Amino acid sequence: MSARSREPMLILGLETSCDETAAAVVDANRRVLSSVVASQTDLHAEYAGVVPEIASRAHAERILPVVREALAQAGIGLGMLSAIAVGHRPGLIGSLVVGVSAAKALAWSLSLPLVGVDHVHAHLYAGSLDAADAPLFPALGLVVSGGHTSLYELSGWLSPRRLGGTIDDALGEAYDKAAAILDLPFPGGPNLDRLAATGDDLAVDLPISRLAKDSLDFSFSGLKTALLYAAKGVPGERAPTPPPPLDDRRRADLAASFQRAASRAIIIKLERAVEHASQRGVRYASLLTGGGVTANSRLRAELASFTSAHGLRLVLPPMHLCVDNAAMIAGLAHELLRGGAAGDLLLRAVPTAGV
Ligand code: KG4
Ligand code: ZN
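For clarity, every value in this text was computed on a predicted model and none was experimentally measured.

Rules behind the numbers
- Residues numbered from 1 in each chain as written.
- Chains lettered and ligands numbered in written order.
- Predicted model: local features only at pLDDT ≥ 70, side-chain atom pairs only at ≥ 80, totals over all residues.
- Heavy atoms only, no water.
- Patch = residues over 30% accessible without salt bridge, like charges linked within 9 Å, V, L, I, M, F, W, Y side chains within 5 Å.
- Areas by Shrake-Rupley, 256 points an atom, 1.4 Å probe, with all protein chains shown as cover.
- Salt bridge = Lys/Arg side-chain N within 4 Å of Asp/Glu carboxyl O.
- Helix = DSSP H or I, 4+ residues; strand = E, 2+ residues; numbered from the N terminus.
- Buried < 20%, exposed > 50% of the residue type's maximum accessible area, 1.4 Å probe, protein only.
- Core = buried A, V, L, I, M, F, W, Y, C linked by side-chain atoms within 4.5 Å.
- Contact = heavy atoms within 4.5 Å.
- Donors = N, O, S within 2.8 Å, 3.2 Å for Na, K, Ca; no water.
- Tetrahedral: all angles 85-135°; square planar, octahedral: opposite > 155°, others 65-115°.
- Phe/Tyr/Trp six-rings, centres within 6.5 Å; stacked < 30°, edge-to-face > 60°.
- Near = heavy atom within 4 Å.
- Polar contact = N/O pair within 3.5 Å; in protein donor to acceptor, adjacent residues only side chain to side chain.
- Domains from an automatic or database assignment.

A. Spatial organisation of a nonpolar patch on the surface. Together, Leu228, Tyr229 and Val234 give the surface a local cluster of nonpolar side chains, amounting to about 220 Å² of exposed area. On the secondary structure map, leucine 228 appears in helix H7 (residues 221-232).

B. Highlighting the pattern of salt bridges. Applying the stated criterion across every chain, the model contains 14 salt bridges. Of the charged contacts in the structure, one is a salt bridge between aspartate 169 and lysine 224, with a shortest N-O distance of 2.8 Å. Pair noted here: aspartate 169 is in the loop between strand S8 (160-165) and helix H5 (171-181) and lysine 224 is in helix H7, with a separation of 55 residues, a long-range link. Classification of aspartate 169 by relative accessible area gives buried; the value is 7%. What makes lysine 224 buried here is its relative accessible area of 17%. Notably, a salt bridge pairs arginine 264 with glutamate 302, separated by 3.0 Å at the nearest N-O pair. Highlighted residues: arginine 264 in helix H8 (residues 248-279) and glutamate 302 in helix H9 (residues 297-310), separated in sequence by 38 residues. On the accessibility criterion, arginine 264 (29% relative accessible area) is partly exposed. Put simply, Asp169, Glu173, Lys177 and Lys224 are held in one network by salt bridges that share partners.

C. A look at the nonpolar core. In terms of nonpolar packing, the biggest core is built from 46 residues, with Leu140, Leu142, Leu151, Leu192, Phe258, Ile266 and Leu270 touching the most fellow members. In contact with leucine 270, not counting residues within four places along its chain, are Leu140, Leu142, Leu151, Leu287, Leu303 and Phe306. Counting residues in each nonpolar core, the second largest holds 32 residues, with Ala122, Leu154, Val315 and Ala326 among its members.

D. Up close: unusual backbone geometry. Here the bond from arginine 89 into proline 90 is cis, since omega is -20°, no more than 30 degrees from zero. Examined against the element boundaries, proline 90 turns out to sit in the loop between strand S4 (83-89) and helix H3 (93-110). Going from phenylalanine 137 to proline 138, the amide bond is cis rather than trans, its omega being 0°. For proline 138, the position within the fold is in the loop between helix H4 (119-125) and strand S6 (139-144). Located in the positive-phi region is arginine 30, a residue other than glycine, with phi close to 70°. For arginine 30, a relative accessible area of 18% corresponds to the buried category. One non-glycine residue, aspartate 183, adopts positive backbone phi at about 60°.

E. How the structure looks around the coordination of the zinc ion (ligand 2). Taken together, His119 (NE2), His123 (NE2) and Asp324 (OD) make up the full set of protein donors to the zinc ion (ligand 2), lying 2.0 to 2.1 Å away. Each of the four donor atoms around the zinc ion (ligand 2) contributes to a set of angles spanning 94 to 145°, which defines the coordination as irregular. The buried category is assigned to aspartate 324, whose relative accessible area is 12%.

F. Region of interest: the packing of aromatic side chains. The full count for this structure, using the stated rule, is four aromatic pairs. Centre to centre, the rings of phenylalanine 137 and tryptophan 157 are 5.2 Å apart; their planes meet at 85°, and the pair counts as edge-to-face. Pair noted here: phenylalanine 137 is in the loop between H4 and S6 and tryptophan 157 is in the loop between strand S7 (149-154) and S8, with a separation of 20 residues, a long-range link. Overall, phenylalanine 137 belongs to the partly exposed group, its relative accessible area being 28%. Residue class for tryptophan 157 comes out buried when judged on its relative accessible area of 13%. Centroid distance tyrosine 175 to phenylalanine 258: 5.1 Å. Interplanar angle 85°. Geometry classified as edge-to-face. Pair noted here: tyrosine 175 is in helix H5 and phenylalanine 258 is in helix H8, with a separation of 83 residues, a long-range link. Taken together, the ring pairs in this structure connect Tyr125, Phe137 and Trp157 into an aromatic cluster.

G. Local environment of the environment of isoleucine 181. Here isoleucine 181 lies in helix H5. Overall, isoleucine 181 belongs to the buried group, its relative accessible area being 11%. Sequence separation of isoleucine 181 and lysine 232 is 51 residues, and the distance between their C-alpha atoms is 8.4 Å. Not counting residues within four places of it along the chain, the set of residues in contact with isoleucine 181 comprises Lys224, Leu227, Leu228, Ala231, Lys232 and Leu246.

H. Examining the site of ligand 1 more closely. Surveying the vicinity of ligand 1 reveals 18 residues, the closest of which are Gly146, Asp176, Asp193, Gly292 and Asn296. Between ligand 1 and histidine 119 there is a distance of 3.4 Å, counted from an oxygen atom to a side-chain nitrogen or oxygen. Between a nitrogen atom of ligand 1 and a side-chain N or O atom of aspartate 193, the distance comes to 2.9 Å. Look at ligand 1: alone it shows 550 Å² of surface, and the protein chains cover 88% of it. For the shell around ligand 1, the secondary structure elements donating two or more residues are H4, H5 and helix H6 (188-196). Residue-level mapping places the shell around ligand 1 at the junction of two domains, with at least three residues from each of domain 1 (3-127 + 322-338) and domain 2 (132-317).

Structure (structure tokens):
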């Protein structure tokens, strides 16, 4: 094989960290040639949450068909690939192991470089796929998903620095629990978002978490408990005032009020991060966002107002790249390879978050 064909031109990315089995082909210009996602939502719905053993078994069954489909949709064969990338941290260990093992097998049998990609960092990359060139750095980064709620500062793709994160529930987790309180079916976040569109967001005064004055961390467990009490009443109260009946009107108002408080809590921390940066003489050029909750309509609107008020470029992934996908893995792998960060076959699946 010539040296030229070894250049990182087409990367196959694999993603199996949670309950989506995904494969994608991305070229060196950030163009997504294919992005296939086999969701397991139906398998986990009856348990109202992801069951790790079911997830890893489904990944093992689906990973090869999903890879074949990604190659077919991109119109390429295995021989045209230049590298294999895999989301290898963080996530459910049994699920990660399936993707990492498949990626190792492909890289070894094709003699290609293997690139391990941090799933959370990859969410920050999703909005740059299929997008025009634009100056992004220094950037503020926000990942809000079912498993993560984190703020980053990035001077480039190779150097995300974590500024803060949730101290309890991730935002998506809080959305899913709030949806369960409101008797909405799994997956809760998108259903709550739809219901909120019909409610009054000022109907119920739910707490907006701020934490300590300079904190860039998040907390959503208090909001979730406040919603529970507003919906079902306060347990153990001496002279309990029964809450209003949980009819359709009330549920929509609670959904809208929850969404308002949750979105405000995010924006307050973004405001603080911009202020802290300016005290250090750093002026962000963009806000990079990603993760399932960036699909939320209220949050998208608030992020747009926030960035326009601060003169930041808002990099928001299109809906299909907000949730877990492998295009973001392959895309970031191009940047990592350019930065000389190729891994080897000793790459490990790591359940915990990195920096
Ligand atoms: O990024 P993702 O697919 O998986 C993780 O890496 O966690 O995010 C899934 C999360 C779920 O909690 C889901 O309820 C939430 O994103 N989500 C939403 C919306 N769409 C997905 N939450 C609020 N509003 C939405 N429209
Ligand atoms: Zn994710």
